[in-house]
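# Coordinate analysis (summary)
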Amino acid sequence: MLRILVVDDEPHARDELVYLLGLNEGVGPVECAADGAAALLALDRALAQDCAVDAVFLDIRMPGLDGLEVARVLSRFAEPPLIVFVTAYDDFAVPAFEVRALDYLLKPVRAERLAETVRRIAERRTPAPAPGEPAPGPPSAPVPPAPPARPPAGDETIPVEISGVTRFVQRSEVRHVEACGDYVRLHLASGSCLLRAPLSSLEEQWQDAGFVRVHRRYLVATGHIEELLADSGRLSVRVAGTVLPVSRRSSRRLRELMLSPSGAPRGRAAHG
């Protein structure tokens, strides 16, 4: 049975989430805490009693330690519980994926959406079979595959809300990013989705992963650059079939990045 801790400073929100969790088979004791400090004390007691908590459902905006701060503390545990954020706000997605949250639920929480989260927690907490033992059989009813909660080494998982449902995409899937007011649009091979974050923030966070700002509106993944296009002294870049403008300020840096130490271009240069 899953042991779950619900952390929220609003009593009604705590009670509602505890009720919805109780509707799911496999959910055992659900403990509650009204703030971050109380949550850490509850987790400490559980560890002392050898009854570690499997997942913590965290509100984000709370007095004292907020949910993100609690999650950062938990990330330093030897065996941290899974983190699920439950919030009325959709603008914390970037910080949420930075602390490796398993899921990001928007209030009011829908029972069917919560059931999917509980299923994923159970999958993560099911021990692997011992050597020589057969793997567990398929479930009695088909269920849609869950996206990986933990990205491959060096990658990042990005939660994005689409019509109240959290989708997870890998940073390595992103071809380029386009500024759209208070949001950015992530362009993938499979389509695009919006994320509430400033382009400048992603530029700083993703520069070590090979993303470079080529224009005030565009951030591109250098690994997906196919061509540098020069026309009448102006540079543009083809990224996964899409041609994007390159500002004069960014042109020199982009050329330097796209040249290997030997001088051979990583992408194909074309001249108009």
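Look above for the structure.
I will try to describe carefully the structure that is included in this document. All values derive from a computational prediction rather than experimental measurement. (Residues numbered from 1 in each chain as written. Predicted model: local features only at pLDDT ≥ 70, side-chain atom pairs only at ≥ 80, totals over all residues. Heavy atoms only, no water.)

### Quick notes on the overall build of the chain
Assigned secondary structure in the chain consists of seven helices and 16 strands. For the chain, buried positions account for 43% of its 272 residues. When contacts within the chain are restricted to residue pairs at least 6 apart in sequence, those whose partners lie at least 24 apart make up 53%. Split by element, the accessible area of the chain, about 14600 Å² in all, is 52% carbon and sulfur. (Helix = DSSP H or I, 4+ residues; strand = E, 2+ residues; numbered from the N terminus. Buried < 20%, exposed > 50% of the residue type's maximum accessible area, 1.4 Å probe, protein only. Contact = heavy atoms within 4.5 Å. Areas by Shrake-Rupley, 256 points an atom, 1.4 Å probe, with all protein chains shown as cover.)

### A closer look at the pattern of salt bridges
Taken as a whole and judged by the stated rule, the model has 14 salt bridges. Put simply, Glu178 and Arg217 hold a salt bridge, and the shortest N to O gap is 2.5 Å. One end of the pair, Glu178, is in strand 8 (residues 174-180); the other, Arg217, is in the loop between strand 11 (211-215) and strand 12 (218-221), and 39 residues separate them in sequence. Looking at Glu178, the relative accessible area reads 14%, which means it is buried. By relative accessible area, Arg217 is classed as partly exposed at 31%. With a shortest N-O distance of 3.4 Å, Glu256 and Arg252 are connected by a salt bridge. (Salt bridge = Lys/Arg side-chain N within 4 Å of Asp/Glu carboxyl O.)

### Re the nonpolar core
Judged by nonpolar contacts, the single largest core of 23 residues is most densely connected at Leu5, Val7, Val56, Leu58, Ile83 and Phe85. Those elements that place two or more of their residues in this core are strand 1 (2-7), helix 2 (36-48), strand 3 (55-58), helix 3 (67-74) and strand 4 (82-87). Membership of the second largest hydrophobic core comes to 18 residues, among which are Val84, Val86, Leu114 and Ile121. (Core = buried A, V, L, I, M, F, W, Y, C linked by side-chain atoms within 4.5 Å.)

### Some words on the layout of surface pockets
As a volume, the second largest pocket reaches approximately 170 Å³. Lining the second largest pocket, in full, are Leu2, Asn24, Glu25, Gly26, Ala115, Val118, Arg119 and Ala122. Counting residues per element, the lining of the second largest pocket draws most heavily on helix 5 (residues 111-125), which supplies four residues. Residue composition of the lining of the second largest pocket, grouped by class: four nonpolar, two polar and two charged. (1 Å grid on protein atoms, 1.4 Å probe; cavity = no way out; pocket = protein on both sides within 12 Å on 5 of 7 lines; lining within 4 Å. Points joined across faces, edges and corners; volume = space filled by probe spheres on them. Nonpolar A, V, L, I, M, F, W, Y, C, P; charged D, E, K, R; others polar.)

### Notes on the packing of aromatic side chains
Applying the stated criterion across every chain, the model contains one aromatic pair. Ring geometry for Trp206 and Phe211: centres 4.9 Å apart, planes at 55 degrees, overall tilted. Of the two residues, Trp206 and Phe211, both sit in the buried class. For the cation-ring pair, Arg61 lies above Tyr89, with the distance from its terminal atom to the ring centre recorded as 4.0 Å. (Phe/Tyr/Trp six-rings, centres within 6.5 Å; stacked < 30°, edge-to-face > 60°. Lys NZ or Arg CZ within 6 Å of the ring centre and 35° of its normal.)

### Overview of helix 7 (residues 248-257)
Regarding helix 7, the residues found buried are Ser250, Ser251 and Leu254. Seen along its axis, helix 7 keeps its buried residues to an arc of 115 degrees; they face one direction. Away from its buried face, by an angle of more than 90 degrees, helix 7 presents the exposed residues Arg249 and Arg252. (Arc of directions from axis to C-beta.)

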